[in-house]
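Observations on chain architecture
Below, each chain spelled out in residue letters.
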Amino acid sequence: MKWSAVCESRSASGITRFAGVCIRERALISLSFGGAIGLMFLMLGCALPIYNQYWPLFVLFFYILSPIPYCIARRLVDDTDAMSNACKELAIFLTTGIVVSAFGLPIVFARAHLIEWGACALVLTGNTVIFATILGFFLVFGSNDDFSWQQW
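Residues numbered from 1 in each chain as written. Predicted model: local features only at pLDDT ≥ 70, side-chain atom pairs only at ≥ 80, totals over all residues. Heavy atoms only, no water.

As annotated in an unreviewed UniProt entry, the chain carries the name Leptin receptor overlapping transcript-like 1 and is attributed to Panthera leo. The UniProt entry for the chain carries the following comment under Function (unreviewed entry): "Negatively regulates growth hormone (GH) receptor cell surface expression in liver. May play a role in liver resistance to GH during periods of reduced nutrient availability." Per UniProt, the chain has the following entry under Subcellular location (unreviewed entry): "Membrane". (UniProt positions renumbered as here; feature names shortened; annotations may be inferred.)

Okay, structure coming up:
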């Protein structure tokens, strides 16, 4: 028996499985691991004894706000239209502004001497991981198929 036949099978619903675990379940597990790593960097930037300042936790608001414009635009816009429309473009613009603000806030805090530059570097690393995780979530679960984030 071939290895691919053992490890990969197609269930009755048509979902591809690899070693008994659905591909999307593996992606969800990977995304949750990425989110945990990103939050770990954020907490290290706040709670290490040499930094001991909790100002960088304000970027949590940006983590919460960043997917909201795109989620609203996806609900309002019909995806059958191949052309881009103003609503989606505005949502992407607002999301970009939120992400840039999340990267700028720790730098402003470090320049104002509210936090150390090492804490700023840890927070920026956490920002990169968290926003990559959010982007990965929309890439994996953003399609309009039988299992998507819109069902949640």
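**Some words on the overall build of the chain**
Of the regular secondary structure elements, the chain holds six helices and three strands. The order of α-helices and β-strands along the chain, N terminus first, is α-β-β-β-α-α-α-α-α. The buried share among the 152 residues of the chain stands at 29%. Put simply, of all contacts in the chain between residues at least 6 apart along the chain, 58% involve residues at least 24 apart. Surface summary for the chain: the accessible area is close to 9600 Å², and the carbon and sulfur share equals 70%. (Helix = DSSP H or I, 4+ residues; strand = E, 2+ residues; numbered from the N terminus. Buried < 20%, exposed > 50% of the residue type's maximum accessible area, 1.4 Å probe, protein only. Contact = heavy atoms within 4.5 Å. Areas by Shrake-Rupley, 256 points an atom, 1.4 Å probe, with all protein chains shown as cover.)

**Looking at the environment of Val-123**
Locating Val-123 in the fold gives a position in helix α6 (residues 117-141). Under the relative-accessibility criterion, Val-123 is labelled buried at 0%. It is 6.2 Å that separates the C-alpha atoms of Val-123 and Phe-41, two residues lying 82 residues apart in sequence. Val-123 has contacts with Leu-42, Gly-45, Pro-56, Val-59 and Pro-106, leaving out every residue within four places of it along the chain.

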